[in-house]
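So you can see what is in the structure, the chains are spelled out below.
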Amino acid sequence: MNDQVVCIAGVTVLGILEQAYFSLQVINARRKFSVSPPSTAGPPEFERIFRAQANCSEYFPIFVASLWISGLFFNQGATTLLGLLYLYGRYQYFCGYSESSLGRLKPLYFSAKVQWALIGLGAVGVLGTMSRLYLGLDFTQYISQVLL
Amino acid sequence: MNDQVVCIAGVTVLGILEQAYFSLQVINARRKFSVSPPSTAGPPEFERIFRAQANCSEYFPIFVASLWISGLFFNQGATTLLGLLYLYGRYQYFCGYSESSLGRLKPLYFSAKVQWALIGLGAVGVLGTMSRLYLGLDFTQYISQVLL
Amino acid sequence: MNDQVVCIAGVTVLGILEQAYFSLQVINARRKFSVSPPSTAGPPEFERIFRAQANCSEYFPIFVASLWISGLFFNQGATTLLGLLYLYGRYQYFCGYSESSLGRLKPLYFSAKVQWALIGLGAVGVLGTMSRLYLGLDFTQYISQVLL
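Residues numbered from 1 in each chain as written. Chains lettered and ligands numbered in written order. Predicted model: local features only at pLDDT ≥ 70, side-chain atom pairs only at ≥ 80, totals over all residues. Heavy atoms only, no water.

A.B. asks: Whenever I open this one, the environment of Ser111(C) confuses me. Can you help?
C.D. replies: Residue and element names in this part refer to chain C. Relative to the helices and strands, Ser111 is located in helix 4 (residues 105–135). Along the sequence, Ser111 and Leu14 sit 97 residues apart, while their C-alpha atoms lie 16 Å from each other. The contacts of Ser111, once residues within four sequence positions are left out, are Tyr86, Gly89 and Arg90. (Helix = DSSP H or I, 4+ residues; strand = E, 2+ residues; numbered from the N terminus. Contact = heavy atoms within 4.5 Å.)

As structure tokens, this is what we get:
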């Protein structure tokens, strides 16, 4: 099984490293703006970095779950590409949000679109497997042959 | 392997869509009550919607992990049913909490019970597999034949 | 497949139970310090318990993802041991943070080190599988034979 999911696992490891990088940025910002735990309130510069990391953390489980479902039930190649685009979008979002509230919007819309594509491919893959198993109709194989 | 987990994967996709719906409700509430990011403080109506979504996001990884362990190690049918009940309970919780703090309690207790059932079935499944592998005693098969 | 991941699944169930325990502690603290939802602000004693649980929840998906990748792609035994150490470190962190902000630091550094070890083993396992699949070089088997 490992051989069929190694690229998705690689994207997941990259995603974990990205989250670790964001966490380190929050620790730095806590020092720079003297905001000691457990407080999470501070100057807007600190709150933007804190919220940027909190937002990325909140969506991380949704990203990982949709990545693996799309990779297992649709296609590993397309899923890997979308996963890398998502991580790139999240990096741009974190940098943009750190600078200004407006700066978060463009990369946020981009990563949201990529996230919806992953959810869509996962849903197509799951519905295809269900229709093959329970209705005897195999349309996934047809779709992935036409599209890819 | 996909064929044995397709229903759990389907429940996971539904759960992701539910989380996306909750996130969109927070974005709407930010607009309605004029609470611009990075701030998360506002009138109680806003804070209830914000906390409802934050609470559901916080428990989403625990839900997904227990869903897959119960589905893989106990039984896919029972797990799928419990998963759907949990998502229904979380929808009721979100709607109830949006209206009043008290309104969150009844669906919260319901989804907590379903969550404990998923954890319990997962634990039984894992202990059963361990006892078969390391002690040579196969009691899972016996339990799932009696119960289901 | 289940037989190769049963110990990681067991660690995951323990991790879920630990998170449930932390959540119950926050509910108790809400009652003790009279902090009603949706508010999350209160005396420092309450805020420390609230942030301790929030921090553990935030890192739970990263822990579970790295645990499974390390277990699937590197080695189940070493991964199980590290997983148990991480859960022990998080328990010490929660208890320490509940008492004082300083009390969180030592177990935080400990669990961070264990978390990095899990990420590192997962990365080694994934890179090893990729190099075997795409370059024809099998170094994982060699490493796990030498180290374990």
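A.B. asks: How should I be thinking about helix 1 (residues 2–32) of chain B in this particular structure?
C.D. replies: Residues and elements named next belong to chain B. A rise of 1.5 Å per residue sets the reference length of helix 1, with its 31 residues, at 45 Å; its end C-alpha atoms lie 43 Å apart and thus fit the reference within 8%. At Ile8, helix 1 is deflected by roughly 30°, the largest bend along its length. One or two steps after helix 1, the chain reaches Ser34, where phi turns positive at roughly 50°. (Expected span 1.5 Å × (residues − 1). Bend = angle between axes of the 7 residues up to and from the residue.)

A.B. asks: How do you make sense of the packing of helix 1 (residues 2–32) of chain A against helix 2 (residues 44–73) of chain A when you look at a structure like this?
C.D. replies: Between two packed helices, both the angle of their axes relative to each other and the distance between the axes serve to describe the pair. Residue and element names in this part refer to chain A. Their axes nearest at 10 Å, the elements helix 1 and helix 2 cross at an angle of 170°. Taken together, the axis directions place helix 1 and helix 2 in an arrangement best described as roughly antiparallel. For the contact of helix 1 with helix 2, the class distribution of residues is 18 nonpolar, eight polar and one charged. (Axes fitted to C-alpha atoms, helices over the stretch in contact; angles between N-to-C directions. Parallel < 35°, antiparallel > 145°, perpendicular 65-115°, else oblique. Nonpolar A, V, L, I, M, F, W, Y, C, P; charged D, E, K, R; others polar.)

A.B. asks: I'm lost on the relation of the copies chain B and chain A in this one. Help?
C.D. replies: Each of the two chain copies goes to the other by way of a rotation about an axis and a shift along it. Placing chain B over chain A gives an RMSD of 0.0 Å and needs a rotation angle of 120°, together with 0.0 Å of translation along the axis. What the superposition gives is, in effect, a three-fold axis relating one chain to the other. Among all C-alpha atoms of chain B, that of Pro61(B) lies closest to the rotation axis, at 3.5 Å. Both copies present different contact surfaces, since only 8% of the interface residues of chain B are interface residues in chain A too. (Least-squares fit on C-alpha atoms with pLDDT ≥ 70 in both.)

A.B. asks: What's the story with empty space enclosed by the protein in this structure? I'm lost.
C.D. replies: To locate leftover empty space, one rolls a probe as large as a water molecule over the atoms. Per the counting criterion, the structure on display carries four cavities of 30 Å³ or more. When its volume is computed, the largest cavity comes out at roughly 670 Å³. Along the walls of the largest cavity sit 27 residues, with Val64(A), Trp68(A), Val64(B), Trp68(B) and Val64(C) positioned nearest its centre. Elements with a minimum of two residues in the lining of the largest cavity: helix 2 of chain A, helix 2 (44–73) of chain B together with helix 2 (44–73) of chain C. Across the lining of the largest cavity, the residue classes break down as 24 nonpolar, three polar and no charged. Empty space within the second largest cavity amounts to approximately 50 Å³. Lining the second largest cavity are Gly15(C), Glu18(C), Gln19(C), Cys56(C), Phe60(C), Tyr86(C), Leu87(C) and Arg90(C). Among the secondary structure elements, those contributing two or more residues to the lining of the second largest cavity are helix 1 (2–32), helix 2 and helix 3 (76–99) of chain C. (1 Å grid on protein atoms, 1.4 Å probe; cavity = no way out; pocket = protein on both sides within 12 Å on 5 of 7 lines; lining within 4 Å. Points joined across faces, edges and corners; volume = space filled by probe spheres on them.)

No statement about biological role is implied by the geometric values presented.
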